[in-house]
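# Results of the structural survey
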Amino acid sequence: MSITVKGPIVEMDGDEMTRIIWKMIKEKLLLPRLTMDLKYFDLGIRRRDETDDRVTIDAANAVKECGVGVKCATITPNAARVKEYNLKQAWKSPNGTIRSILDGTVFRKPIIVKSIPPAVRSWKKPISIGRHAYGDIYKSVEYKISGAGTAELVFTPEGGKGKVSLLVHEFKGPGVIMGIHNTEKSIRSFAKACINYALGEKCDLWFGAKDTISKTYHGFFKEVFDHEAEARRADFEKQGIRYRYMLIDDAVAQIMKAEGGMLWACMNYDGDVMSDMVASGFGSLGLMTSVLVSPEGKYLYEAAHGTVMRHYYEHLKGNPTSTNSVASIFAWTGALSRRGDMDGTPEVTAFARRLEQVVVTTIEGGVMTKDLAAIAEPKPAKFALTEEFLNAVANRL
Ligand SMILES: NC(=O)c1ccc[n+]([C@@H]2O[C@H](COP(=O)([O-])OP(=O)(O)OC[C@H]3O[C@@H](n4cnc5c(N)ncnc54)[C@H](O)[C@@H]3O)[C@@H](O)[C@H]2O)c1
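What you are looking at is a predicted structure, and each value in this text was computed from that prediction instead of being measured.

## Some points on the sheet that holds strand 3 (residues 68-71)
- Within the open sheet, the 10 strands sit side by side as 2-1-3-14-13-4-5-12-10-11. Their pairing is mixed. Of all the strands in the sheet, the pair left with one neighbour each is strand 2 (34-42) and strand 11 (243-247). When the angles between neighbouring strand axes are averaged without regard to direction, this sheet yields 25 degrees.
- Taken together, the four bridges between strand 3 and strand 14 (residues 299-303) define a ladder with parallel strand orientation. Bridge assignment links Val 70 to a residue of strand 14, and that residue is Tyr 301.
- Strands in contact with helix 12 (residues 326-343) are strand 1 (3-13), strand 2, strand 3, strand 13 (288-293) and strand 14; relative to strand 1, the strand with the most contacts, it is inclined by about 135 degrees.

## Topic: helix 6 (residues 184-201)
- Taking 1.5 Å of rise per residue, 18 residues should cover 26 Å, and helix 6 covers 26 Å from first to last C-alpha, within 8% of that figure.
- Three or more residues of helix 6 are buried, namely Ser 186, Ile 187, Ser 189, Phe 190, Ala 191, Ala 193, Cys 194, Ile 195, Tyr 197, Ala 198 and Leu 199.
- If you follow the buried residues of helix 6, they end up packed against strand 4 (105-110), strand 5 (128-132), strand 10 (204-209), helix 7 (217-231), helix 8 (233-239) and strand 12 (262-266).
- Immediately beyond the C-terminal end of helix 6, within one or two residues, lies Lys 202, with a positive phi of roughly 55 degrees.

## Points about the pattern of salt bridges
- A full pass over the atoms with the stated rule returns 26 salt bridges.
- For Glu 259, the salt bridge goes to Lys 125, with nearest N and O atoms at 3.0 Å. Of the two residues, Glu 259 is situated in the loop between helix 9 (248-255) and strand 12 and Lys 125 in the loop between strand 4 and strand 5; the sequence distance between them amounts to 134 residues.
- The exposure class of Lys 125 is partly exposed, given its relative accessible area of 40%.
- As a salt-bridge pair, Asp 249 and Lys 210 come within 3.0 Å of each other at their nearest N and O atoms. Of this pair, Asp 249 sits in helix 9 while Lys 210 sits in the loop between strand 10 and helix 7, placing them 39 residues apart in sequence.
- Among the charged side chains, a salt-bridge network with shared partners connects Asp 13, Arg 19 and Asp 42.

## Observations regarding the packing of aromatic side chains
- Across all of its chains, the model carries 11 aromatic pairs by this definition.
- With a centroid separation of 5.2 Å and an interplanar angle of 40 degrees, the aromatic rings of Trp 22 and Trp 332 are classed as tilted. Here the residue Trp 22 occupies a position in helix 1 (residues 16-30), and Trp 332 occupies one in helix 12, the gap between them amounting to 310 residues. The residues Trp 22 and Trp 332 share a single accessibility class, namely buried.
- Aromatic pair Tyr 312 and Tyr 313: ring centres 6.3 Å apart, planes at 40 degrees, arrangement tilted.
- Exposure remark for Tyr 312: the relative accessible area of 18% places this residue in the buried category.
- In this structure Tyr 313 comes out as partly exposed when scored by relative accessible area, which is 30%.
- Over the ring of Trp 206 we find Arg 244; its NZ or CZ atom is 5.1 Å from the centre of that ring.

About the thresholds
- Residues numbered from 1 in each chain as written.
- Predicted model: local features only at pLDDT ≥ 70, side-chain atom pairs only at ≥ 80, totals over all residues.
- Heavy atoms only, no water.
- Pairing = 2+ DSSP bridges.
- Helix = DSSP H or I, 4+ residues; strand = E, 2+ residues; numbered from the N terminus.
- Axes fitted to C-alpha atoms, helices over the stretch in contact; angles between N-to-C directions.
- Contact = heavy atoms within 4.5 Å.
- Expected span 1.5 Å × (residues − 1).
- Buried < 20%, exposed > 50% of the residue type's maximum accessible area, 1.4 Å probe, protein only.
- Salt bridge = Lys/Arg side-chain N within 4 Å of Asp/Glu carboxyl O.
- Phe/Tyr/Trp six-rings, centres within 6.5 Å; stacked < 30°, edge-to-face > 60°.
- Lys NZ or Arg CZ within 6 Å of the ring centre and 35° of its normal.

Following this line, the structure appears as structure tokens:
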């Protein structure tokens, strides 16, 4: 009997090996068991090129409307990709475009499997990373200086009065400069999103920055975070959780000795770097989930990894692959359980939870892809191919 998912889900298809996995997940695990109202957008590189990237903008706006989306990994084209796919231009990162439309925070959380021990001995519970997804070096202007001269930071208020100029550096010779920014609105919604996530998951919230050195820029992030956390103090107490501000270097040192179970809120660059550190510490990129949460409470789920290009080229040559589909499956279960909660359909949420459990017990039962087989304890006698793993999950489901 099929379970009906009441509300719509925006589905964004993607590229390369993850596009192949995506289709298998739908055909083997979801479509035989669920009736879904999917709003399909093909974000594969060819379709983005055909539509001059309009399809990415339409897909992001559809998430705004429907509230829930699920996204397959996509190619962010560079010069080599422009040549490979004969593209009109190197289109922007789809994730960057979507994030700037939804203005969200990205939360990454590893999937814990008993037979995959974390590289860090003390880690027992998942460490979630909340990455601010706006500004800093990701929206910077940079300039390479060819010789001696003066670099200044200039702010001209609207209306032109009260102009401020700050000396950056008197260059005696060649060098390089960069200007970065952030907005109070975005920082505040980042802090609010992290607080809501921590309260929802009943986990402590850590925030780390470098306000001792960057007293104004990083200091402003700290001020906003402290203020927003203070405003929710009663909720923190009710849930029995804590907010802690730490210097980023202290946070890094402490995370290596902690047992996990916290949300670690990071500025944009720290989140980019630390989420890969945490993913690899917990085993594999194939076990890292990712969700973009907008300040209005819209959710876009995806796997944290890319399109697994190397496996795709093997696949094109007709060679068997062993690509981990776990994080992509969890992207779907994340979207389904969110839909279930929003629609008041517990049977949909229960299906999502059961699928997640089956995936974990399949791996714990010794069936896993090559990336996991290499680090599992005990090691399985052989690893499963991409399709074999999905078949094993489907059989147990
Ligand atoms: N969210 C996204 O859409 C996203 C994120 C990152 C990269 N990308 C894109 O993906 C493409 C490939 O990028 P990349 O190679 O740097 O990143 P990648 O995540 O695809 O691969 C990085 C490494 O991890 C391994 N790996 C990743 N996921 C795996 C899985 N599920 N199973 C087994 N091994 C796995 C790969 O074999 C590779 O060695 C690029 O075009 C990039 O633009 C997209």
